[in-house]
Amino acid sequence: KNEVEQSPQNLTAQEGEFITINCSYSVGISALHWLQQHPGGGIVSLFMLSSGKKKHGRLIATINIQEKHSSLHITASHPRDSAVYICAVNGERGGADGLTFGKGTHLIIQP
Amino acid sequence: DGGITQSPKYLFRKEGQNVTLSCEQNLNHDAMYWYRQDPGQGLRLIYYSQIVNDFQKGDIAEGYSVSREKKESFPLTVTSAQKNPTAFYLCASNSQRGYRQYFGPGTRLTVL
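Source: prediction; values computed, not measured.

**Q** Describe the pairing of strand β3 (residues 19-25) of chain B, listing the residues and the values that go with them.
**A** Residue and element names in this part refer to chain B. Only one face of β3 is covered, namely the one carrying Val19, Leu21, Cys23 and Gln25; the face carrying Thr20, Ser22 and Glu24 has none of its residues buried. Looking at chain direction, strand β1 (residues 4-7) and β3 are connected through four bridges and run antiparallel. By the bridge assignment for β3, Ser7 is matched with Ser22. Two elements, β3 and strand β8 (residues 76-78), share three bridges in a ladder whose sense is antiparallel. Residue pairing across strands places Leu21 opposite Leu76, the latter belonging to β8.

**Q** Before we move on, can you summarise the state of the cysteines with the specific residues and values?
**A** Linking two cysteines covalently through their sulfur atoms gives a disulfide. All names here are of chain B. Taken as a whole and judged by the stated rule, the model has two disulfides over all chains. Across the disulfide, Cys23 is cross-linked to Cys91 (sulfur-sulfur distance 1.8 Å). Taking the sign of the S-S torsion, -70 degrees for the link of Cys23 and Cys91, the bridge is left-handed. One end of the pair, Cys23, is in strand β3; the other, Cys91, is in strand β9 (residues 87-94), with 68 residues separating them in the sequence. The exposure class assigned to Cys23 is buried, which follows from its relative accessible area of 1%. For Cys91, a relative accessible area of 0% corresponds to the buried category.

Thresholds, definitions, all that
- In every chain, residue numbers begin from 1 and rise along the written sequence.
- Chains and ligands are labelled by the order in which they are written, letters from A for the one and numbers from 1 for the other.
- Owing to the predicted nature of the model, reporting of local features is limited to residues with pLDDT of at least 70; listing and counting of side-chain atom pairs is limited to 80 or more, with chain, interface and lining totals taken over all residues.
- Side-chain numbers here rest on the full set of heavy atoms in the structure, without hydrogens or water.
- Three exposure classes are used, based on accessible area relative to the maximum for each residue type with a 1.4 Å probe and protein chains only: buried under 20%, partly exposed in between, and exposed over 50%.
- Only DSSP runs of H or I covering at least 4 residues are called helices, and only runs of E covering at least 2 are called strands; the numbering of each starts at the N terminus.
- DSSP calls a pair of strands paired once it identifies at least 2 bridges connecting them.
- What counts as a disulfide here is a pair of cysteine sulfur atoms lying within 2.5 Å.

Laid out in C-alpha coordinates, this is it:
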(Lines give C-alpha, C1' and ligand atoms only; values in the text may rest on other atoms or scores of the structure.)
Protein backbone atom coordinates (compact mmCIF):
# COMPACT_ATOMS: atom_id res chain seq x y z
CA LYS A 1 0.00 0.00 0.00
CA ASN A 2 1.26 3.40 -0.93
CA GLU A 3 2.18 5.86 1.80
CA VAL A 4 1.76 9.51 0.84
CA GLU A 5 3.55 12.12 2.93
CA GLN A 6 3.12 15.86 2.63
CA SER A 7 5.15 18.70 4.08
CA PRO A 8 4.69 21.06 5.68
CA GLN A 9 1.45 20.22 7.50
CA ASN A 10 0.78 23.90 8.16
CA LEU A 11 2.12 26.97 6.39
CA THR A 12 1.46 30.63 7.05
CA ALA A 13 2.92 33.20 4.67
CA GLN A 14 2.53 36.81 3.66
CA GLU A 15 0.75 37.89 0.52
CA GLY A 16 3.10 37.83 -2.47
CA GLU A 17 5.40 35.10 -1.17
CA PHE A 18 6.41 32.08 -3.25
CA ILE A 19 4.90 28.92 -1.75
CA THR A 20 6.14 25.34 -2.07
CA ILE A 21 4.30 22.26 -0.83
CA ASN A 22 5.98 18.88 -1.09
CA CYS A 23 4.64 15.37 -1.55
CA SER A 24 6.45 12.03 -1.49
CA TYR A 25 5.10 8.54 -2.00
CA SER A 26 6.48 5.11 -1.28
CA VAL A 27 5.70 2.89 -4.28
CA GLY A 28 5.16 3.30 -8.01
CA ILE A 29 2.14 5.16 -9.27
CA SER A 30 0.25 5.73 -12.50
CA ALA A 31 -0.69 9.34 -11.71
CA LEU A 32 -0.43 11.98 -8.99
CA HIS A 33 -3.06 14.58 -8.19
CA TRP A 34 -3.00 17.94 -6.44
CA LEU A 35 -6.35 18.89 -4.94
CA GLN A 36 -7.61 22.00 -3.19
CA GLN A 37 -10.12 21.89 -0.34
CA HIS A 38 -11.79 25.08 0.89
CA PRO A 39 -13.30 25.51 4.38
CA GLY A 40 -16.75 24.39 3.19
CA GLY A 41 -15.25 21.00 2.41
CA GLY A 42 -15.62 20.78 -1.35
CA ILE A 43 -12.60 19.47 -3.25
CA VAL A 44 -11.37 20.76 -6.58
CA SER A 45 -8.81 19.02 -8.76
CA LEU A 46 -5.90 21.33 -9.60
CA PHE A 47 -3.51 19.05 -11.47
CA MET A 48 -3.06 15.48 -12.56
CA LEU A 49 0.53 14.50 -13.38
CA SER A 50 2.30 11.41 -14.59
CA SER A 51 5.55 13.13 -15.57
CA GLY A 52 7.23 16.50 -15.89
CA LYS A 53 5.58 19.79 -15.07
CA LYS A 54 2.23 21.53 -15.48
CA LYS A 55 1.29 25.19 -15.05
CA HIS A 56 -2.07 26.84 -14.58
CA GLY A 57 -2.07 30.53 -13.84
CA ARG A 58 0.01 31.08 -10.70
CA LEU A 59 0.13 27.39 -9.86
CA ILE A 60 2.91 25.05 -10.98
CA ALA A 61 3.13 21.32 -10.28
CA THR A 62 6.16 19.14 -10.88
CA ILE A 63 6.84 15.46 -10.44
CA ASN A 64 10.03 13.38 -10.33
CA ILE A 65 9.06 9.76 -10.90
CA GLN A 66 12.51 8.37 -10.07
CA GLU A 67 12.60 10.15 -6.72
CA LYS A 68 8.87 9.55 -6.02
CA HIS A 69 8.38 13.22 -5.25
CA SER A 70 6.14 16.04 -6.38
CA SER A 71 5.93 19.73 -5.55
CA LEU A 72 3.17 22.30 -5.84
CA HIS A 73 4.28 25.90 -6.18
CA ILE A 74 2.20 29.05 -5.87
CA THR A 75 3.71 32.25 -7.21
CA ALA A 76 2.63 35.72 -5.99
CA SER A 77 0.44 34.16 -3.30
CA HIS A 78 -2.86 35.83 -2.40
CA PRO A 79 -5.22 35.46 0.58
CA ARG A 80 -7.72 33.68 -1.67
CA ASP A 81 -5.14 30.88 -2.04
CA SER A 82 -5.76 30.00 1.61
CA ALA A 83 -7.02 26.42 1.65
CA VAL A 84 -5.96 22.85 2.34
CA TYR A 85 -3.85 21.39 -0.46
CA ILE A 86 -3.97 17.63 -0.79
CA CYS A 87 -1.67 15.28 -2.69
CA ALA A 88 -3.16 11.98 -3.87
CA VAL A 89 -1.93 9.10 -6.03
CA ASN A 90 -3.37 6.38 -8.25
CA GLY A 91 -1.81 2.95 -7.94
CA GLU A 92 0.06 1.33 -10.79
CA ARG A 93 -3.14 -0.43 -11.95
CA GLY A 94 -4.64 2.90 -12.97
CA GLY A 95 -7.58 5.08 -12.05
CA ALA A 96 -10.33 2.63 -11.16
CA ASP A 97 -9.25 1.53 -7.68
CA GLY A 98 -9.49 4.91 -5.97
CA LEU A 99 -6.92 7.33 -4.66
CA THR A 100 -4.52 7.25 -1.71
CA PHE A 101 -4.29 10.63 -0.05
CA GLY A 102 -1.80 12.61 1.98
CA LYS A 103 -3.01 14.36 5.10
CA GLY A 104 -3.00 17.76 3.45
CA THR A 105 -1.18 21.05 3.91
CA HIS A 106 -3.14 23.84 5.56
CA LEU A 107 -2.05 27.08 3.88
CA ILE A 108 -2.89 30.54 5.21
CA ILE A 109 -1.89 33.63 3.24
CA GLN A 110 -2.05 36.79 5.29
CA PRO A 111 -2.66 40.19 3.64
CA ASP B 1 -24.43 21.25 -15.62
CA GLY B 2 -22.71 17.92 -15.08
CA GLY B 3 -21.56 17.05 -11.63
CA ILE B 4 -21.99 15.12 -8.41
CA THR B 5 -24.62 15.92 -5.81
CA GLN B 6 -24.63 14.78 -2.23
CA SER B 7 -27.45 15.33 0.17
CA PRO B 8 -27.93 16.50 2.76
CA LYS B 9 -24.96 18.77 3.49
CA TYR B 10 -25.36 18.31 7.27
CA LEU B 11 -26.91 15.27 8.92
CA PHE B 12 -27.53 14.53 12.56
CA ARG B 13 -28.47 11.12 13.92
CA LYS B 14 -28.80 9.45 17.25
CA GLU B 15 -26.36 6.73 18.21
CA GLY B 16 -27.56 3.29 17.15
CA GLN B 17 -29.51 4.47 14.11
CA ASN B 18 -28.60 3.55 10.56
CA VAL B 19 -28.34 6.47 8.15
CA THR B 20 -28.04 6.57 4.36
CA LEU B 21 -26.04 9.23 2.52
CA SER B 22 -27.03 10.04 -1.03
CA CYS B 23 -24.66 10.41 -3.98
CA GLU B 24 -25.85 11.07 -7.54
CA GLN B 25 -23.80 11.87 -10.65
CA ASN B 26 -24.82 12.88 -14.17
CA LEU B 27 -21.34 12.62 -15.67
CA ASN B 28 -21.99 9.17 -17.15
CA HIS B 29 -19.06 7.87 -15.12
CA ASP B 30 -18.67 4.15 -14.54
CA ALA B 31 -16.67 4.29 -11.31
CA MET B 32 -17.89 5.80 -8.05
CA TYR B 33 -16.22 6.08 -4.66
CA TRP B 34 -16.95 6.89 -1.04
CA TYR B 35 -14.27 8.49 1.14
CA ARG B 36 -14.25 9.48 4.77
CA GLN B 37 -12.34 12.47 6.14
CA ASP B 38 -11.43 12.96 9.80
CA PRO B 39 -9.56 15.93 11.30
CA GLY B 40 -5.80 15.58 10.88
CA GLN B 41 -6.12 12.53 8.62
CA GLY B 42 -6.10 12.05 4.90
CA LEU B 43 -9.21 10.90 3.10
CA ARG B 44 -9.70 7.15 3.35
CA LEU B 45 -11.52 4.90 0.91
CA ILE B 46 -14.64 3.18 2.25
CA TYR B 47 -16.16 1.47 -0.80
CA TYR B 48 -15.93 1.79 -4.55
CA SER B 49 -17.84 0.53 -7.54
CA GLN B 50 -16.50 0.18 -11.06
CA ILE B 51 -19.75 -0.99 -12.64
CA VAL B 52 -23.45 -1.32 -11.86
CA ASN B 53 -24.33 -4.16 -9.46
CA ASP B 54 -20.73 -4.60 -8.38
CA PHE B 55 -18.68 -2.96 -5.63
CA GLN B 56 -15.53 -3.56 -3.60
CA LYS B 57 -14.46 -2.81 -0.06
CA GLY B 58 -11.90 -0.10 0.47
CA ASP B 59 -9.56 0.36 3.39
CA ILE B 60 -12.20 1.09 6.06
CA ALA B 61 -15.38 -0.73 4.98
CA GLU B 62 -16.38 -2.13 8.39
CA GLY B 63 -19.68 -0.70 9.59
CA TYR B 64 -20.69 0.58 6.15
CA SER B 65 -22.72 -0.81 3.27
CA VAL B 66 -23.39 0.35 -0.29
CA SER B 67 -25.46 -0.51 -3.33
CA ARG B 68 -25.07 0.28 -7.03
CA GLU B 69 -28.40 -0.45 -8.70
CA LYS B 70 -28.09 2.43 -11.15
CA LYS B 71 -25.07 3.95 -12.88
CA GLU B 72 -25.97 7.39 -11.54
CA SER B 73 -26.41 6.50 -7.89
CA PHE B 74 -24.14 5.08 -5.18
CA PRO B 75 -25.74 5.47 -1.73
CA LEU B 76 -23.75 4.78 1.43
CA THR B 77 -25.38 3.42 4.59
CA VAL B 78 -23.63 4.06 7.87
CA THR B 79 -24.78 1.28 10.15
CA SER B 80 -24.93 1.11 13.92
CA ALA B 81 -21.89 -1.19 13.75
CA GLN B 82 -19.66 1.74 12.73
CA LYS B 83 -17.99 2.70 15.99
CA ASN B 84 -17.03 6.29 15.13
CA PRO B 85 -19.44 7.47 12.42
CA THR B 86 -19.07 11.21 13.00
CA ALA B 87 -17.02 12.44 10.02
CA PHE B 88 -17.11 14.25 6.70
CA TYR B 89 -18.10 11.94 3.83
CA LEU B 90 -17.15 12.62 0.22
CA CYS B 91 -18.42 10.89 -2.88
CA ALA B 92 -16.40 10.90 -6.10
CA SER B 93 -16.53 9.47 -9.59
CA ASN B 94 -14.40 8.96 -12.67
CA SER B 95 -14.73 7.33 -16.04
CA GLN B 96 -13.54 3.72 -16.21
CA ARG B 97 -10.41 4.59 -18.11
CA GLY B 98 -9.86 8.01 -16.57
CA TYR B 99 -7.70 9.02 -13.66
CA ARG B 100 -9.15 12.38 -12.66
CA GLN B 101 -11.75 12.11 -9.92
CA TYR B 102 -14.65 14.50 -9.58
CA PHE B 103 -15.82 15.15 -6.05
CA GLY B 104 -19.21 15.95 -4.59
CA PRO B 105 -19.65 18.73 -2.00
CA GLY B 106 -19.67 16.27 0.91
CA THR B 107 -21.99 15.40 3.79
CA ARG B 108 -21.00 16.16 7.36
CA LEU B 109 -22.50 13.47 9.60
CA THR B 110 -22.75 13.99 13.33
CA VAL B 111 -23.91 11.18 15.56
CA LEU B 112 -25.19 12.38 18.91
